[in-house]
Amino acid sequence: MDKDKTVLLSNDVETTSIWFNDLRDDTGEKVWKEGMPLLLDLYRKYDIKSTFFYTAYIAKLYPEVVRMVIADGHEIGSHGKSHIKENGFDVMPFEKQKRHLDYSKKVLEDISGQEVISFRSPAIRVSPITARALIETGFRIDSSVASQRFDFFMSFGGMQKLSFLKTPRLPYRTKKNDIFSKGNSELVELPMSATLLPFIGSTMRIMPEITKIQQRVLHYETLISGKPAVFVIHPNELIDETNAPRTIKRRSSNQLAYLLSDVIRAKLKARNLGAPAVPIYEEIIKFYVKHGYSAPTMRSYVDKLILDGRV
Ligand SMILES: [Zn+2]
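For clarity, every value in this text was computed on a predicted model and none was experimentally measured.

Turning our attention to the packing of helix α7 (residues 208–225) against helix α9 (residues 277–290). Remark: α7 packs on α9, axes separated minimally by 11 Å, with the N-to-C direction vectors making an angle of 20 degrees. In terms of orientation, α7 lies roughly parallel with respect to α9. Every pair of crossing elements has a handedness; the one defined by α7 and α9 is right-handed. Note on element contacts: α9 touches α7 through I280, I284, F287 and Y288, opposite P208, T211, Q215, R216 and H219. Residues that form the contact of α7 with α9 fall into these classes: five nonpolar, three polar and one charged.

And the structure:
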């Protein structure tokens, strides 16, 4: 039997400025007015449905950034309360995780009038118990786990993310108390695609040629196992903030970590930022169109998995 070929193109919408390596309200406004329309145009052009994960922070600041996706049939998901470091789900205690989930769900549901059941944690930082926090606050889908992704110094929570090396690759029901393990809870995990390297917008911009190879490798995996390709892009990757001077904000206390993760990271991450990222992303999309993939929202994809008895 032919495996079905699905790509889940997902978008994390937040006020993070890649150029300034900081959170900025001005960046959020550009995300809304410049980045989001570019993404929506691409999705319209190729008849793609997508899931947009919003921080409650940007949703409250610019509610239109949420409402603008509804008419095209996209899904609205939660990206937590905000992207500040203290709000990582790998460092917050259980009750606080639940408060943040409750709050972000309510904010997004009030603005959109849609039920919100899908989640991706800020900076994909989660702890095992995040599964229970999600279940108890009415979420049914998570996409914060990246199977076989190896981050090392490149992002926050690098050590916790070592758990990714042993998580399942196919969509799975999590254990109630462990988001990284297969169980029989109400929560379905849709692992983000990775081949050690994450399959995301920043890899795509920094190393477009490598990402093309990666896309083909993942395509063969889809043909063999039916695993959906899960790609992540941020509308803040499509905006240009170069009209203002740039400083590299120091986030690491240790000198080596500063060099590795702050300086190199800041320089690399600005590659193909803004308008040049659009045609690169379009190439990724065209590959899937050419190979007959369907591109639904995460919610409708999981409905189908359940209907077919695949999770
Ligand atoms: Zn994010």
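Right, let's talk about the nonpolar core for a bit. Ranked by size, the top nonpolar core spans 59 residues in total, and within it M36, Y43, F52, Y54, V65 and Y281 carry the most contacts. With eight residues, α9 is the single largest residue contributor to this core. Excluding its chain neighbours within four sequence positions, the residues that come into contact with V65 are V13, W32, M36, Y54 and I58. L8, F53, I200 and L305 belong to the second-largest nonpolar core, a separate cluster that totals 16 residues.

Further remarks concern unusual backbone geometry. Of note in the backbone geometry, N21 takes a positive phi value of approximately 55 degrees without being a glycine. Of note in the backbone geometry, D47 takes a positive phi value of approximately 55 degrees without being a glycine. Residue placement: D47 occurs in the loop between α1 (25–45) and β4 (51–54). Residue classification places D47 among the exposed positions, given a relative accessible area of 60%.

Running from N to C, α1 and α9 point in directions that differ by 30 degrees, and their axes come no closer than 11 Å. Between α1 and α9, the crossing angle belongs to the class labelled roughly parallel. Classified by chirality, the crossing of α9 by α1 is right-handed. Every residue of α9 that contacts α1 at L38, L39, L42, Y43 and K45 is listed here: V278, Y281, E282 and I285.

This brings us to helix α10 (residues 298–307). Those residues of α10 that sit buried are M298, Y301, V302 and L305. An end-on view of α10 places all buried positions within 95 degrees of arc, on one side of the element. Just downstream of α10, G309 is the residue with a positive phi angle, here 70 degrees.

Next up on the list: α1. The first and last C-alpha atoms of α1 sit 29 Å apart over 21 residues, in line with the 30 Å expected at 1.5 Å per residue. Helix geometry: α1 is bent most strongly at V31, by close to 45 degrees. Among the residues making up α1, those that are buried are T27, G28, V31, G35, M36, L39, L40, L42 and Y43.

What follows covers the side chain of T297. Structurally, T297 can be placed in the loop between α9 and α10. Not counting residues up to four positions away in its chain, the partners in contact with T297 are L8, K49, S50, T51, G73, H74 and E75.

Moving on: the coordination of the zinc ion. Octahedral metals with six donors have ideal donor angles of 90 or 180 degrees. Tetrahedral metals with four donors have an ideal donor angle of 109.5 degrees. Each protein donor to the zinc ion is listed here as E14 (OE), H79 (NE2) and H83 (NE2); together their distances run 2.0 to 2.1 Å. Counting residues between consecutive donors of the zinc ion along the chain gives the motif E-x64-H-x3-H. Of the two residues, E14 sits in the loop between β1 (7–13) and β2 (16–17) while H83 sits in the loop between β5 (75–78) and α4 (94–112), which places them 69 residues apart along the sequence. Overall, E14 belongs to the buried group, its relative accessible area being 4%. A relative accessible area of 21% means that H83 is categorised as partly exposed.

Here we take up the environment of P279. Take P279: it is sitting in helix α9. A C-alpha to C-alpha distance of 11 Å links P279 and L39, two positions 240 residues apart in sequence.

Under the defined criterion, the tally for this structure stands at 21 salt bridges. R310 is the partner of D4 in a salt bridge, and the nearest nitrogen-oxygen pair spans 3.3 Å. In this pair, D4 is assigned in the segment before β1 and R310 in the segment after α10, connecting sequence segments 306 residues apart. With a relative accessible area of 37%, R310 lands in the partly exposed category. One salt bridge connects K98 with E136, and the closest N-O pair in it is separated by 2.8 Å. Linking K98 in helix α4 with E136 in helix α5 (residues 130–136), this pair joins segments that are 38 residues apart in sequence. Residue K98 is classed as buried on the basis of its relative accessible area, which comes to 19%. Judged by relative accessible area, which is 39%, E136 ranks as partly exposed. Via salt bridges that share partners, D4, K304, D308 and R310 belong to a single interconnected network.

The rules behind these values
Residues numbered from 1 in each chain as written. Predicted model: local features only at pLDDT ≥ 70, side-chain atom pairs only at ≥ 80, totals over all residues. Heavy atoms only, no water. Axes fitted to C-alpha atoms, helices over the stretch in contact; angles between N-to-C directions. Helix = DSSP H or I, 4+ residues; strand = E, 2+ residues; numbered from the N terminus. Parallel < 35°, antiparallel > 145°, perpendicular 65-115°, else oblique. Left-handed = near helix turned anticlockwise from the far one by under 90°. Contact = heavy atoms within 4.5 Å. Nonpolar A, V, L, I, M, F, W, Y, C, P; charged D, E, K, R; others polar. Core = buried A, V, L, I, M, F, W, Y, C linked by side-chain atoms within 4.5 Å. Buried < 20%, exposed > 50% of the residue type's maximum accessible area, 1.4 Å probe, protein only. Arc of directions from axis to C-beta. Expected span 1.5 Å × (residues − 1). Bend = angle between axes of the 7 residues up to and from the residue. Donors = N, O, S within 2.8 Å, 3.2 Å for Na, K, Ca; no water. Salt bridge = Lys/Arg side-chain N within 4 Å of Asp/Glu carboxyl O.

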